[in-house]
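One-letter residues, chain by chain:
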Amino acid sequence: MQRRPAGHRPGANNYVLIVFDSCRYDSFQRARPRVMKKLGRVERRWSYASWTSPSHFNLLMGLLPHTSPRNVFASEFYTKDFLKYNERLGLSDIQFQSLAPQLYLPAFLKESLGYATHAMVSLPVLNPRTILNHGFDTYRLMPAHNDMRAMVREMKFSEERPSFYLLNVGETHYPYALPGEPPEEWPRIHGVHGVFQHLHERVVGGKVRGHGEKMFNQAKLDLLRDRQVAAVRYLDSVVEELFAAVPPNTYITITSDHGELFGEDGYFGHGPIQHEKVFEVPFLEGKLR
Ligand SMILES: [Zn+2]
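Calculation notes
Residues numbered from 1 in each chain as written. Predicted model: local features only at pLDDT ≥ 70, side-chain atom pairs only at ≥ 80, totals over all residues. Heavy atoms only, no water. Donors = N, O, S within 2.8 Å, 3.2 Å for Na, K, Ca; no water. Tetrahedral: all angles 85-135°; square planar, octahedral: opposite > 155°, others 65-115°. Core = buried A, V, L, I, M, F, W, Y, C linked by side-chain atoms within 4.5 Å. Buried < 20%, exposed > 50% of the residue type's maximum accessible area, 1.4 Å probe, protein only. Helix = DSSP H or I, 4+ residues; strand = E, 2+ residues; numbered from the N terminus. Pairing = 2+ DSSP bridges. Axes fitted to C-alpha atoms, helices over the stretch in contact; angles between N-to-C directions.

**Regarding the coordination of the zinc ion**
So, point 1. Those donors, Asp21 (OD), Thr52 (OG1), Asp257 (OD) and His258 (NE2), are the protein atoms that reach the zinc ion, and they lie 2.0 to 2.1 Å from it.
So, point 2. Given four donor atoms and angles of 99 to 122 degrees at the metal, the environment of the zinc ion is assigned as tetrahedral.
So, point 3. Written as a sequence motif, the donor residues of the zinc ion are D-x30-T-x204-D-H.

Shown next, in the form of structure tokens:
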């Protein structure tokens, strides 16, 4: 007989954390996703970081985007916020202290609760050689940076042990391209696209005024914003496939790692930007049935 992993909890939920990379809260709302809203109310929350790597590290510490509560100490907020994992995992004895000393959700789920832990990521900055790949049974950089459907088709759930999946979804990341769109038809932003061919995340963002050269025009930025909205609308149909594929005892969180600037105050993208819109993200979660 197969030996059950230490700490295995019968009846624990599968947990799927979906991160729409760069998806702004208002892009998400403008798309009016019909299927995703079955999870629960869409909240406006705040990312702890303005770009992909630190934000995913934070998410994998178990700290999901926050509500920016007033009149409370950070430690109190973490403690209270973390109790939500009892609902997510279908358990009752999880506390923030449960994660110590590693403070890393995949390692905790795998080593203490017997979860199978998997990540499928779209952005090369999160590739499997990074430090983020800790505590995962499998961790893959997907062949295409914009194909969530390919991830959904590879998800497997076992009755023997609960599963945790991190899905980093790239359709909502610049250039907001859907899988069927030929790269030569992607909109090009001077100074960004050439580097983006290597998906070199660090330079996708920054202040665009004041260099004597007008790099962006607002009409083009509005087009880009519309493309992000269209990507969310498309992803709603992919999430419908996901909902049909997951077992009943699956809890799902959908959020973003940071927002995106489309010309506000002279900024485009995310990263080295201090602006409200780079921290504002959508957040919704729940169990389907
Ligand atoms: Zn990102």
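Next comes the rest of the write-up.
**Notes on the nonpolar core**
A general trend in soluble globular proteins is that nonpolar side chains are found buried together.
So, point 1. Judged by nonpolar contacts, the single largest core of 32 residues is most densely connected at Ile18, Phe20, Phe28, Met148, Leu167, Ile252 and Ile254.
So, point 2. For this core, the secondary structure elements donating two or more residues are β1 (14-20), α1 (25-31), α6 (148-154), β5 (163-169), α8 (218-245) and β7 (250-255).
So, point 3. With eight residues, the top contributor of residues to this core is α8.
So, point 4. Counting residues in hydrophobic clusters, the runner-up holds 30 residues, among them Leu91, Phe108, Ala119 and Phe136.

**Quick notes on the sheet that holds β1**
So, point 1. Strand order across the open sheet formed by seven strands is β2-β10-β7-β1-β5-β3-β4, with mixed pairing between neighbours. Since the sheet does not close on itself, it has two edges, and those belong to β2 (43-46) and β4 (138-141), each with one partner. Taking each pair of neighbouring strands and ignoring which way they run, the sheet shows an average axis angle of 15 degrees.
So, point 2. Sheet analysis places β2 next to strand β10 (residues 280-287), joined by four bridges and oriented antiparallel. Counted as the bridge partner of Arg45 is Val281 from β10.

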